Amino acid sequence: MEGYIDRTFSAVKSKHTSEETLQKWRDVCGMVKNPKRRFRHTANLLKRSEAAAMRRTNQEKLRVAVLVSKAAFQFIQGMKPTDYEVPEDVKAAGYQICADELASIVEGHDMKKVKFHGGVSGLADKLCTSTTNGLPTDRDSLDRRQELFGINKFTEKELRGFWVFVWEALHDMTLMILAMCAFVSLIVGIATEGWPNGAQDGLGIVASILVVVFVTATSDYRQSLQFRDLDKEKKKISIQVTRNGYRHKMSIYELLPGDIVHLAIGDQVPADGLFVSGFSMLIDESSLTGESEPVHVTDDNPYLLSGTKVQDGSCKMLVTTVGMRTQWGKLMATLSEGGDDETPLQVKLNGVATVIGKIGLCFAIVTFAVLVQKMITRKVQGGTYLSWGGDDALELLEYFAIAVTIVVVAVPEGLPLAVTLSLAFAMQKMMNDKALVRVLAACETMGSATTICSDKTGTLTTNRMTVVKTCMCTNVKDLSEEGSSTTLSSEIPASALKILLQSIFNNTGGEIVVDETGKREILGTPTEAALLQFGLSLGGDFQAEREAPKVVKVEPFNSTKKRMGVVLELPEGGLRAHTKGASEIVLASCDKVINSNGEVVPLDETLLNHLKVTIDEFAGEALRTLCLGYAQLENGFSPDDSIPTSGYTCIGIVGIKDPVRPGVKESVALCRSAGVTVRMVTGDNINTAKAIARECGILNENGIAIEGPVFREKNLEELHELVPKIQVMARSSPLDKHTLVKHLRTTFNEVVAVTGDGTNDAPALHEADIGLAMGIAGTEVAKESADVIILDDNFSTIVTVAKWGRSVYINIQKFVQFQLTVNVVALVVNFSSACVTGSAPLTAVQLLWVNMIMDTLGALALATEPPNDELMKRNPVGRKGNFISNVMWRNIIGQSIYQFIVIWYLQAKGTEAFSLDGPDSDLILNTLIFNSFVFCQVFNEISSREMEKIDVFKGILENNVFASVIGATVIFQIMIVEFFGTFANTYPLTLGQWFYCIFIGLLSMPIAAGVKMIPVEN
């Protein structure tokens, strides 16, 4: 079976599966009992094709708009202004432009309209906003604005109510056939035996169908609620906005036209808008236009479209259009209906269900044929083959119902749905453990991970940075003591201090703002925040330093260049460039240095060696080192030019401390014991990286640390030998990370999890089996490329995700083992009994109850087991592990043989063993068989909690769901036998008979324990 499933259903991967492959496995499934339920959590390929068509239309429209805009721009000056009349309701509200006009400006890239309305500042005035202070924050004006211009939310799929799930559960083909059987049984029964005796069998089946439907619907509805809560979490995106003159972090769904939004590299543009001011803005519009080339956004091309991504630079944006008026909003409404891809495990279990379903169908047909043949033979022998009455019709109907019910039991429709149940449960629990799963498949794939490539900053370390050492004007100073910063400012010559503060406060991606309460807040990355705090401690004034010079050009930090720069026009005249970045890279671009007297002197070999030794010392103490430099631009500078990369004067070097997170060392050790290799991939100095890696337990004597530039130069043969040994990669570029991940996956067949926080990490996150983005430090681009978002940026959370992933995989294996055992026994018992005795011991109603125990209730009990520490003491499954393992087959076969022997013994010798006689003896015997069979399943369910361990009771009471399901199953079984015998074809049992049934079930546990001792090759 495993081989067939691998060949037919293993083409679906955890990521990037083609729609052709997705359609192929659906076609292979063939006959499905309930397509609505079976394929509920799979991608809607029809809706996806509709979304793709809409995307192509959008791309063409926008492409044409851009071309027209470019052509029209040439003639704007000579054109007559556009006629535009402000609608009366807009005028009455105090605005001079309506939502439709605003939408047409950005969507149509209409520069003529922009000019007509007075440019961006004119549009801001017409929207009653300020490009400096943003919107006023009084509630009435915001409500009025929202009423006129709309809210920044997209149309979502309507939430399905409980009765929709009931309706879908009723679509089960076998249940519909059974309902028809019940209807015919009612008519024939009442016609022959009268009311109420003739209605009992039919009503019993109807009641059983309703119970199955409502239990199934309740389980499915609860799952949908869990997914809805998780979807809400996925959509929580915040952005920096200026309102009432103050910067706020607020949800993108609260944005209104007129808001001033601050965008930076890695952000997703949250609404349609216009560029107000900024530098080096590069926008990736491929999600809308399909164009791979990034677009430069400037005053001449100010259009920013919702859903596009900031590839480089930073800017302020005036929001013009929100929600469903944007093209992105219309596209998202269609895309949301496409659904997520199904997971590999779901597809594989669909395969298992299909194979067993076909076997079950054959058994059902043969069983029905055998029962009918036995009946006809009996009538022929009795000479009544020409005489057919109502009783014969009811008997035939009962045989048909048994055959249909065998299909109900045999087709394990719950298998693929158990995956979804387990994943939904795990995803909700992981949310509590600070991990948000964006892609369903990542949850199960993480359990197979063999390698984790982790960032250093913020993941292994706390991301709370402070400047603790400096080398200013060639003098090294330790700042760990209180008041040392004040002493340093007095030790640095005044001219050097002035340049240093100018560098810190102008060459930065951060900002210092004051909130409504007057409290000072530092915005920006932890590295920028540490430097800005250092500048403040030296007595610097952020606002004064920012206002004095005029910014000519900004080049934001780039993980490829490892540096950032700014060109300033000084108040006293002249141009100055500042640079900051990786110490060895910036130092290599310096040819001068400021000495201890504040003089600029040539950077000779002695001074250069002194600075290099200082960098190595700082790095050896696990400090992140940055070098600051400046250059006077004597020959002028054009904003179109690149900032120079040489001829700088070194101002100094700073050492920034970022402590290792508590618990990381233990988590790395746990990964090692679980057979998962942890590798550090960082942009930091190699000595800093090695020091942190040793502290975390990542780097040992068997591994190597390598720099990105060295790694890049290796050929394929060298990489084949090198890659398995790499434990630390320093000064790596995003391309290096991508290359490492690709080699690990393709050459070494590893299942790779990768962490990332920057925009440039997106390719590696996309390439990896599991992309893990950082929730705090991560950009929106990185989060969108990721499968899981680590909300607290903590490495220990990644280990928790791996543990939950393994738990999902093991839980599904337990459930499959349990369900296949029930399938095998139920099929063989009813088939063999039909062949030998001409009757089936388990009736349609009883089989429906067994189906519910093994399907919905079994999934609830076994698929929701929480993870334990033992899971991290075994090796990962990896890419090639068999899902239905030899251990599972051993347990299934051992338990099935025991149960079959017990049931067969009861059938053959039960009457004698229990001294049964009288008219009800057959009914009592069948009740004993049914009761013993159910208790075998109850105790087998407990045994299935562990596939290899003898102790199956450990932690059983900690799992409330499991304990509740077992308790409910036992209570309902007692009620069915003792009180609902009329409908369920059972007879109340004596205390001794109850003891025997429970003992038979309980005996399955030591049998299971004994079977587990049989060694098998796994």
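Residues numbered from 1 in each chain as written. Predicted model: local features only at pLDDT ≥ 70, side-chain atom pairs only at ≥ 80, totals over all residues. Heavy atoms only, no water.

1. Observations concerning the overall build of the protein
A tally of helices and strands in the protein yields 38 helices and 26 strands. The 1018 residues of the protein split such that 56% are buried. For the protein, contacts bridging at least 24 residues in sequence account for 74% of all contacts bridging at least 6. Looking at the protein as shown, the accessible area adds up to about 42,600 Å², and 56% of this sits on carbon and sulfur atoms. (Helix = DSSP H or I, 4+ residues; strand = E, 2+ residues; numbered from the N terminus. Buried < 20%, exposed > 50% of the residue type's maximum accessible area, 1.4 Å probe, protein only. Contact = heavy atoms within 4.5 Å. Areas by Shrake-Rupley, 256 points an atom, 1.4 Å probe, with all protein chains shown as cover.)

2. What to know about a nonpolar patch on the surface
Judged by side-chain polarity, I190, W195, L203, F979, F980 and F983 come together as a nonpolar surface patch covering roughly 630 Å² of accessible area. By secondary structure assignment, the location of I190 is in helix α11 (residues 173-193). (Patch = residues over 30% accessible without salt bridge, like charges linked within 9 Å, V, L, I, M, F, W, Y side chains within 5 Å. Salt bridge = Lys/Arg side-chain N within 4 Å of Asp/Glu carboxyl O.)

3. Here we look at the environment of Y996
With respect to the helices and strands, Y996 occurs in helix α38 (residues 991-1012). The exposure class of Y996 is partly exposed, given its relative accessible area of 21%. Spatially, the C-alpha atom of Y996 lies 8.8 Å from that of L928, the residues being 68 residues apart in sequence. If we ignore the near neighbours within four places in the chain, the residues touching Y996 are Y905, L906, F914 and S932.

4. Notes on the sheet that holds strand β26 (residues 788-790)
Read across the sheet, eight strands follow the order β8-β26-β25-β24-β9-β21-β23-β22 without closing on themselves; strand pairing throughout is mixed. Pairing within the sheet leaves two strands with one partner each, and these edge strands are β8 (435-437) and β22 (704-707). Neighbour-to-neighbour, the strand axes of the sheet open up by a mean angle of 20°, direction not taken into account. By the bridge criterion, four bridges tie strand β24 (residues 752-756) to strand β25 (residues 770-774) in an arrangement that is parallel. Paired with V754 across the strands is G771, a residue of β25. Sheet strands in contact with helix α29 (residues 734-746) are β9 (451-454), β21 (677-681), β23 (726-730) and β24, and its direction is about 170° off that of β24. (Pairing = 2+ DSSP bridges. Axes fitted to C-alpha atoms, helices over the stretch in contact; angles between N-to-C directions.)

5. Focus on the pairing of strand β19 (residues 623-632)
Burial analysis of β19 places nine of its ten residues in the buried class, which makes it a mostly covered element. Sheet topology places strand β16 (residues 575-582) next to β19; seven bridges connect them, and they run antiparallel. Opposite T579, over in β19, you have G629 as the bridge partner. With eight bridges connecting them, β19 and strand β20 (residues 648-657) associate as antiparallel partners. Paired with G629 across the two strands is C650, which belongs to β20.

6. So, the packing of aromatic side chains
Throughout the structure, instances matching the rule amount to 13 aromatic pairs. Between the aromatic rings of Y95 and F149, the centroid separation amounts to 5.3 Å while the plane-to-plane angle is 75°, which identifies the pairing as edge-to-face. Residue Y95 is found in the loop between α5 (88-92) and α6 (99-107), and its partner F149 is found in helix α9 (residues 139-149); the two are separated by 54 residues along the sequence. Between F914 and Y996, the aromatic rings sit 4.8 Å apart at their centres with planes inclined by 85°, giving edge-to-face as the arrangement. Placement of F914 in the loop between α34 (886-913) and α35 (921-943) and of Y996 in helix α38 is noted, with a sequence separation of 82 residues between them. Taken together, the ring pairs connect F162, W163, F165, F214 and Y221 into an aromatic cluster. The aromatic ring of F962 is capped on one face by R945, whose charged end is 5.4 Å from the ring centroid. (Phe/Tyr/Trp six-rings, centres within 6.5 Å; stacked < 30°, edge-to-face > 60°. Lys NZ or Arg CZ within 6 Å of the ring centre and 35° of its normal.)

7. Details of the side chain of S448
Looking at where S448 falls in the secondary structure, it is placed in the loop between α18 (440-445) and β9. Given the relative accessible area of 9%, S448 is considered buried. Setting aside chain neighbours within four positions, we find S448 in contact with V751, P876, V877 and G878.

8. Here we look at the nonpolar core
Counting 135 residues, the largest nonpolar core has M446, I770, V788, F795 and I812 as its most contacted members. Broken down by element, this core gets its largest block of residues, 19 residues, from helix α32 (residues 795-837). Ignoring anything within four residues of it in the chain, the contact list for I770 reads A442, T445, M446, A449, V751, V752, A753, V754, D787 and V788. Grouped together as the second largest cluster of nonpolar side chains are 29 residues, M472, L488, I499 and F505 included. (Core = buried A, V, L, I, M, F, W, Y, C linked by side-chain atoms within 4.5 Å.)

9. A closer look at the side chain of K456
Residue position: K456 is located in the loop between β9 and β10 (466-472). Among the residues examined, K456 registers a relative accessible area of 3% and is labelled buried. Sequence-distant contacts of K456, that is, excluding residues within four places in its chain, are made with T461, M680, V681, T682, D684 and I692.

10. Points about α6
By the criterion of burial, α6 is predominantly enclosed, with seven of the nine residues buried. Within α6, burial applies to A99, E101, L102, A103, I105, V106 and E107. Directly after α6, the chain includes H109, whose backbone phi takes a positive value near 45°.

11. A word on the pairing of strand β4 (residues 272-284)
In this sheet, strand β7 (residues 309-321) lies alongside β4 in antiparallel orientation, the contact comprising ten bridges. When the bridges of β7 are listed, F279 appears paired with S314. By the bridge criterion, two bridges tie β4 to strand β6 (residues 303-304) in an arrangement that is antiparallel. Bridging across to β6, L274 finds its partner in Y303. Bridging between β4 and strand β5 (residues 295-296) involves two bridges; their strand directions are antiparallel. Across the sheet, I283 pairs through a bridge with V295, a residue of β5.

12. Structural notes on the packing of helix α25 (residues 664-673) against α32
Think of two packed helices as two axes; the pair is described by the angle between the axes and how far apart they sit. Where α25 meets α32, the axes come as close as 9 Å, and the angle between the chain directions of the two elements is 30°. In terms of their interaxial angle, α25 and α32 are classed as roughly parallel. α32 is crossed by α25, and the crossing has left-handed handedness. Of α32, the residues touching α25 (which contributes V664, S667, V668, L670 and C671) are F795, S796 and V799. In the contact of α25 with α32, the residues fall into six nonpolar, two polar and no charged. (Parallel < 35°, antiparallel > 145°, perpendicular 65-115°, else oblique. Left-handed = near helix turned anticlockwise from the far one by under 90°. Nonpolar A, V, L, I, M, F, W, Y, C, P; charged D, E, K, R; others polar.)

13. Examining the packing of α34 against α38
Two elements in contact, α34 and α38, have axes separated by 9 Å at closest approach and are oriented at 150°. Judged by the angle between their axes, α34 and α38 are roughly antiparallel. For the pair α34 and α38, the crossing hand works out as right-handed. On α38, the residues that touch R890, N891, G894, Q895, Y898, V902, Y905 and L906 of α34 are Y996, I1000, L1003, S1004, I1007, A1008, V1011 and K1012. When its residues are assigned to classes, the contact of α34 with α38 shows ten nonpolar, four polar and two charged.

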